[in-house]
Amino acid sequence: MLHKVLWYLFSRLILLTLAVLLTMGITPIAWSQSALSPAWAIQVSINISSQPLAQALNEWAQQTRLELIVQPALVADKTAPALSGNMTPRQALDRLLAGSGLAATMDGSTVMIRTIAAAGTQQLPEMLVRAESLKQGTAEEGYRVSNISSVGPWGERSLRDTPYSMSVVPSDLIENINAQNMGQIFKMNPLTQEPGIAGFTGVPIVVIRGFSSANPVYDGIPMASLVGSAVSVIEIDRVEILSGTSGFLYGGGRVGGAVNYVTKNSTDIPLRRLTFGNYGGTQFYGHADIGGKFDDRGRFGYRANLLYQGGDTAIGEPVKQKVANIVLDGHLTDTLYADLKYTYNDYSREATQPFFYMRERTIIDTSKRYSPKWASNDVESHKAYTSLRWDPTKYFTLRSAFFYQHTEMRYDQMNINEQIDGTFTPRMANNSWEKHENYGGYIYLDTQFSTFAIDHKLTLGYSSTFYEYFMRDDGYASRSSTDSVLLSEFKNISEPAWGSIGNEPKLPVWVNRYNNILIGDNITFNDQWSAMIGFNYATMVNKAMGSYGDSSYEKSALTPTVSLLYKPIEDVTTYVSYMESLENGTVVGNTYANRGEVLPPLVSKQYEVGVKYDINPNLLLSTALFRIEKANQYSDLATPIPSYVQDGLQVHNGVELVLTGKVTDNLAIMGGGTLMDIGVEKSNNPAMEGKKPTNAASRMGKIYAEYALPWVPGLSLTGGIYYTGEKYADAANTDKIPSYTLYDIGARYTTRVLDKALTVRLNVINLTGKNYWQNANYLGVPRTVAFSVSTMF
């Protein structure tokens with residue numbers, strides 16, 4: 001009950017902040033012509049690179065804090081020039097529109113983009129469009145995204161001018177590769193290893209820079225646990241991948257990086273799309289995507305995504321899934337925006353692939369099923385999200401959001417254990433229905449001001465995330481056998497007699513909580529030099545109770561960040577950055593001399609140098625050098641009684657390169673690679689020094705490409721090559737997981753039928769049928785053929 005009270009108080013805090021601002025005379029209503037006109041004529045600092053006009057207008061609106069009205073069709077296929085320097089919003093907009101056949105006018109509280117009407121020409125109807133909502137990352141742009149939706153408290157900003165290594169996977173790419181889950185996305189991305197998808201919820205544990213990033217981020221809100229965080233591809237607008245430590249940005253954990261799942265909003269123009277397809281095997285599905293605006297001015301919008309999936313996977317695992325995602329958003333006033341999102345996900349899977357525990361890393365046929373159908377899992381999830389943004393003046397912005405997810409799940413699991421003689425024995429487990437609850441939220445206040453000739457954007461804020469796990473005292477049972485079983489016969493094993501389980505009530509057994517108090521300053525010295533400095537006072541809480549024991553951990557620490565950016569020319573940004581990450585310490589157990597001691601949080605440090613270069617408006621090259629020093633904790637092996645200490649160092653040095661966008665008018669690519677030197681530099685066991693950490697590939701090289709055939713309009717050929725280097729399954733580095741290279745091919749054809757857009761997609765995943773290990777326990781994805789047909793209606 002305490003956490004529910006806290007979240008109630010948190011929501012009231014948002015309303016209280018609004019009330020305080022109202023009493024100061026700052027009212028969230030539309031400005032009059034006289035109130036807004038001065039902002040139209042006052043000089044501001046403008047820094048916009050040459051890029052598609054839609055994206056340039058987005059940056060103009062962000063930098064001037066003015067509302068924009070534009071018909072999306074007017075700005076399609078137009079390019080804006082680069083702008084830099086101090087000028088009025090009017091001057092900047094006139095330069096952006098020069099030669100485009102468009103002009104800007106002011107009407108009350110908004111700026112409108114119109115055609116320069118010739119005699120007898122009829123202008124297109126007007127519609128209110130938030131500049132930041134203009135779609136980015138389309139296939140026509142080579143999946144190049146100019147702005148990220150958020151990066152911790154910094155909020156939305158230019159991807160090129162963000163001093164961290166990042167990659168963005170937009171929804172167009174997710175749809176065009178027929179991705180049924182997030183695994184395909186991370187397999188393709190040059191910053192991430194292909195993950196083993198958590199069979200219970202579909203959320204992957206992503207390895208970035210050699211470290212596991214387990215806890216996801218939803219719409220900028222970090223979650224306190226992976227478990228219970230179900231996600232579906234149909235609700236995702238883009239996946240923003242931060243490569244590197246993120247302590248200041250998102251609080252505790254996430255040493256190697258963070259994954260932000262950005263969900264869909266309403267569309268500015270009416271969307272009516274039906275997709276029918278097959279994810280492989282007999283997994284047929286239907287997906288409806290409907291969006292638009294309720295009113296003529298486009299103030300209030302909606303979006304609905306509905307999915308039904310059923311059938312068997314490529315290896316015969318029966319799957320059923322029902323997803324409903326509903327979005328309502330809009331401008332309550334000219335300065336106040338709010339949205340509300342809800343997602344329901346009902347997922348079940350039978351014959352879920354087993355966990356393998358291998359003594360020798362032999363190759364196993366991934367095209368076969370090894371689990372009986374009773375080894376299944378079921379997940380039912382309800383997820384709600386709401387956010388608010390208020391811009392009472394061009395100098396102040398209030399941003400807040402709240403997230404809640406309730407998940408019920410159960411699973412039966414088959415484990416396959418390899419014996420010394422090379423035979424296999426089964427171990428089976430049954431978990432009855434359990435409950436997981438995730439809460440999260442933030443509130444940030446941005447203030448813009450200048451000190452002499454230096455501009456500041458100061459952000460003050462608070463974020464919190466909470467996870468609670470409920471299970472039954474009689475909710476788990478396991479059975480083992482010492483009888484050897486052929487791999488081909490595991491799928492025929494009968495379900496054990498579990499006895500009476502799942503009758504007791506669900507009780508809380510585990511709690512995670514992370515609280516963050518933040519302050520950050522985005523400082524602009526001039527057109528070339530800028531800096532970002534921040535501090536996060538982070539508190540981490542873990543509590544075990546009931547069948548999980550009785551322990552409690554709570555510690556706080558201050559984690560800083562500092563970045564310096566330099567732009568030698570307009571299209572190039574260089575940066576150096578320092579960031580720390582916090583991980584939980586522990587309460588020392590009774591077998592140690594310092595039993596009962598509460599150890600402080602572990603502090604990991606990252607140093608990074610990077611360059612980002614806009615080769616052309618739709619092609620971005622990014623590269624970074626980094627060093628991460630991760631602290632460890634372990635027994636010091638002292639006699640007669642050891643102590644549990646925080647010592648040792650795991651060091652990851654590396655270089656990353658990412659190239660995304662259109663190389664030519666017909667060729668688009670997303671590629672790059674990661675090269676690392678990783679190892680344990682200090683340990684309580686000298687034999688472990690110099691060893692590589694588990695499940696961390698030192699080398700990756702990946703490229704995905706699309707080529708639009710110029711002699712067949714509408715037809716594009718697609719394909720990818722993805723190399724992942726060897727890694728180790730155990731700390732002693734005796735169990736080596738071999739490297740592997742995967743090949744995908746595909747095609748996409750777009751045309752019009754009965755004056756409606758029609759897109760046909762075909763993808764072959766793992767073309768050669770490569771047998772490989774994703775990690776120590778999961779087999780790789782078999783050859784899979786997926787296809788879909790999308791049409792507007």
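Cut-offs and rules
Residues numbered from 1 in each chain as written. Predicted model: local features only at pLDDT ≥ 70, side-chain atom pairs only at ≥ 80, totals over all residues. Heavy atoms only, no water. Helix = DSSP H or I, 4+ residues; strand = E, 2+ residues; numbered from the N terminus. Buried < 20%, exposed > 50% of the residue type's maximum accessible area, 1.4 Å probe, protein only. Contact = heavy atoms within 4.5 Å. Areas by Shrake-Rupley, 256 points an atom, 1.4 Å probe, with all protein chains shown as cover. Lys, Arg positive; Asp, Glu negative; His and termini not counted. Charge placed at Lys NZ, Arg CZ, Asp CG, Glu CD. Pairing = 2+ DSSP bridges. Arc of directions from axis to C-beta. Patch = residues over 30% accessible without salt bridge, like charges linked within 9 Å, V, L, I, M, F, W, Y side chains within 5 Å. Salt bridge = Lys/Arg side-chain N within 4 Å of Asp/Glu carboxyl O. Core = buried A, V, L, I, M, F, W, Y, C linked by side-chain atoms within 4.5 Å. pLDDT = per-residue confidence, 0-100. 1 Å grid on protein atoms, 1.4 Å probe; cavity = no way out; pocket = protein on both sides within 12 Å on 5 of 7 lines; lining within 4 Å. Points joined across faces, edges and corners; volume = space filled by probe spheres on them. Polar contact = N/O pair within 3.5 Å; in protein donor to acceptor, adjacent residues only side chain to side chain. Phe/Tyr/Trp six-rings, centres within 6.5 Å; stacked < 30°, edge-to-face > 60°. Lys NZ or Arg CZ within 6 Å of the ring centre and 35° of its normal. Axes fitted to C-alpha atoms, helices over the stretch in contact; angles between N-to-C directions. Parallel < 35°, antiparallel > 145°, perpendicular 65-115°, else oblique. Nonpolar A, V, L, I, M, F, W, Y, C, P; charged D, E, K, R; others polar.

**Q** Would you mind showing me how to read the overall build of the protein here?
**A** Scanning the protein from N- to C-terminus turns up eight helices and 42 strands. By principal-axis analysis of the C-alpha atoms, the protein measures approximately 90 × 65 × 50 Å. Expressed as a percentage of the 793 residues in the protein, the buried residues total 58%. For the protein, the proportion of contacts with a sequence separation of at least 24, taken over those separated by at least 6, is 67%. With the model as given, the accessible surface of the protein reaches about 31,200 Å², and the carbon-plus-sulfur share is 59%. Each charge sign in the protein was given a centre, from 67 positive and 74 negative side chains, and these centres are 1 Å apart.

**Q** Before we go on, may I ask you to explain the pairing of strand S41 (residues 756–765) in this structure?
**A** If a strand is regular, its side chains alternate between the two faces of the sheet. Where strand S40 (residues 740–753) and S41 come together, nine bridges link them in antiparallel fashion. If you follow Gly746 over to S41, its bridge partner there is Asn763. In this antiparallel pair of consecutive strands, S40 and S41, the connection spans two residues, and Leu754 shows a positive phi of 55°. Note that S41 and strand S42 (residues 784–792) share eight bridges and pair antiparallel. Within S42, the position partnered with Val764 by the bridge is Val785.

**Q** Even after reading the chapter, I still don't get unusual backbone geometry, so can you show me in this structure?
**A** In this model, Arg209 sits at a positive phi of 50°, which is unusual for a non-glycine residue. Take Arg209: it is sitting in the loop between strand S11 (206–208) and strand S12 (211–213). For Arg209, a relative accessible area of 2% gives the class buried.

**Q** Any chance you could explain helix H5 (residues 89–97) here in plain terms?
**A** Helical geometry: 3.6 residues make up each α-helical turn, so side chains three or four residues apart lie on a common side. Residues of H5 that are buried include every one of Pro89, Ala92, Leu93, Leu96 and Leu97, and no others. Angularly, the buried residues of H5 cover 125° about the axis, an arc narrow enough to put them on a single face. Trailing H5 by a residue or two, Gly99 shows a phi angle of about 80°, which is positive.

**Q** Please clarify how a nonpolar patch on the surface should be interpreted in this entry.
**A** Where nonpolar side chains cluster on the molecular surface, the patch consists of Phe294, Phe300, Leu306, Ile326, Leu328, Leu332, Leu340 and Tyr342 and spans about 740 Å² of accessible area. Within the residue set of the nonpolar patch, elements represented by two or more residues are strand S19 (300–312), strand S20 (318–331) and strand S21 (336–349). Within the fold, Tyr342 resides in strand S21.

**Q** Is there a simple way to explain the nonpolar core in this structure?
**A** Note that soluble globular proteins tend to have their nonpolar side chains buried in a common cluster. If you look at the biggest cluster of nonpolar residues, it comprises 62 residues, and the most contacted ones within it are Tyr164, Met182, Val239 and Leu249. Not counting residues up to four positions away in its chain, the partners in contact with Tyr164 are Val151, Trp154, Leu242, Leu249, Met532, Thr561, Ser563, Tyr575, Met579, Glu608 and Lys612.

**Q** When you look at the sheet that holds strand S10 (residues 165–170) in this model, what are you seeing that I'm missing?
**A** The five strands are arranged S10-S15-S16-S13-S14 in an open sheet whose pairing can be described as mixed. Strands with a single pairing partner mark the edges of an open sheet, and in this sheet they are S10 and strand S14 (221–222). Where strand S13 (residues 217–218) meets strand S16 (residues 257–263), two bridges bridge the pair, whose relative direction is parallel. Across the sheet, the residue bridging to Val217 is Asn260, located in S16.

**Q** Explanation requested: the side chain of Ser698 in the structure shown.
**A** You can see Ser698 is positioned in the loop between strand S35 (667–682) and strand S36 (699–708). If near-sequence neighbours (up to four positions away) are discounted, Ser698 is found in contact with Thr674, Leu675, Met676, Ile678, Lys692 and Glu726.

**Q** Any chance you could explain the confidence of the model for the protein here in plain terms?
**A** For residues with low pLDDT, the predicted coordinates do not support detailed interpretation. Confidence in the prediction for the protein averages 86 pLDDT; 90% of positions are at 70 or higher. Considering only residues more than four positions removed or in separate chains, one finds that residues 1–38, a stretch of pLDDT under 50, has 53 contacts. Within the model, pLDDT remains below 50 along residues 118–133, and this stretch shows 42 contacts once partners closer than five positions in the same chain are excluded.

**Q** What's the story with the layout of surface pockets in this structure? I'm lost.
**A** Approximately 1,200 Å³ is the volume attributed to the second largest pocket. Around the second largest pocket, the lining is made up of 39 residues, and of these Ser45, Gln63, Gln448, Asn522 and Thr524 lie nearest the centre.

**Q** What's the story with the side chain of Glu656 in this structure? I'm lost.
**A** Its place among the elements puts Glu656 in strand S34 (residues 644–662). A relative accessible area of 2% places Glu656 in the buried class. Within the structure, Glu656 has its side chain in polar contact with the side chain of Ser165 (distance 2.8 Å). Here Ser243 takes part through its side chain, which lies 2.5 Å from a polar atom of the side chain of Glu656. Ignoring any residue separated from it by four or fewer positions in sequence, one finds Glu656 in contact with Ser165, Leu191, Arg209, Ser243, Ser622, Thr623, Ala624, Phe626, Gly673 and Thr674.

**Q** I keep staring at the packing of aromatic side chains and nothing clicks. Help me out?
**A** The geometry of an aromatic ring pair is captured by two quantities: the separation of the ring centres and the angle between the planes. This model, assessed by the stated rule, comprises 18 aromatic pairs. Judged by centre distance (6.4 Å) and plane angle (70°), the ring pair of Phe284 and Phe787 falls under edge-to-face. Here Phe787 lies in strand S42 and Phe284 lies in strand S18 (residues 284–293), a separation of 503 residues in the sequence. According to the relative accessible area criterion, Phe284 is partly exposed, its value standing at 47%. Assessed through its relative accessible area of 35%, Phe787 is described here as partly exposed. Over the ring of Phe626 we find Arg209; its NZ or CZ atom is 3.9 Å from the centre of that ring. Here Lys383 stacks its cationic end above the ring of Tyr218, 4.6 Å away from the centre of that ring.

**Q** What is the right way to look at the pattern of salt bridges in this model?
**A** For side chains of opposite charge, pairing can occur when their charged atoms come near one another. Scanning the entire structure with this criterion turns up 32 salt bridges. Of the charged contacts in the structure, one is a salt bridge between Glu583 and Lys630, with a shortest N-O distance of 3.5 Å. Of this pair, Glu583 sits in strand S31 (residues 572–583) while Lys630 sits in strand S33 (residues 619–635); the two residues are 47 residues apart in sequence, bridging distant segments of the chain. On the accessibility criterion, Lys630 (14% relative accessible area) is buried. The closest approach of N and O atoms between Glu629 and Arg627, which form a salt bridge, is 2.8 Å. Glu629 sits in the buried class, given a relative accessible area of 18%. Among the charged side chains, a salt-bridge network with shared partners connects Arg144, Arg160, Asp161, Lys567, Glu570, Asp571 and Asp614.

**Q** Just checking my understanding: could you explain the environment of Ser243 for this structure?
**A** Inspection of the secondary structure puts Ser243 in strand S15 (residues 236–243). Among the residues examined, Ser243 registers a relative accessible area of 1% and is labelled buried. As a C-alpha pair, Ser243 and Ala624 span 381 residues in sequence and 9.8 Å in three-dimensional space. Contact partners of Ser243, with chain neighbours within four places excluded, come to Ser165, Leu191, Ile208, Arg209, Gly256, Glu608 and Glu656. Among the polar contacts made by the side chain of Ser243, one reaches the side chain of Arg209 at a distance of 2.9 Å.

**Q** Any chance you could explain the packing of helix H3 (residues 53–64) against H5 here in plain terms?
**A** Axis angle and axis distance: for two packed helices, these are the angle between their axes and the distance between the axes, and together they describe the pair. One can describe the packing of H3 onto H5 by two numbers: an axis separation of 11 Å at closest approach and a directional angle of 175°. The orientation of H3 with respect to H5, classified from their angle, is roughly antiparallel. Residue-level inspection shows Leu53, Ala56, Leu57, Trp60 and Thr64 of H3 in contact with H5, the latter providing Pro89, Ala92, Leu93, Leu96 and Leu97. When grouped by side-chain class, the residues that make up the contact of H3 with H5 number nine nonpolar, one polar and no charged.

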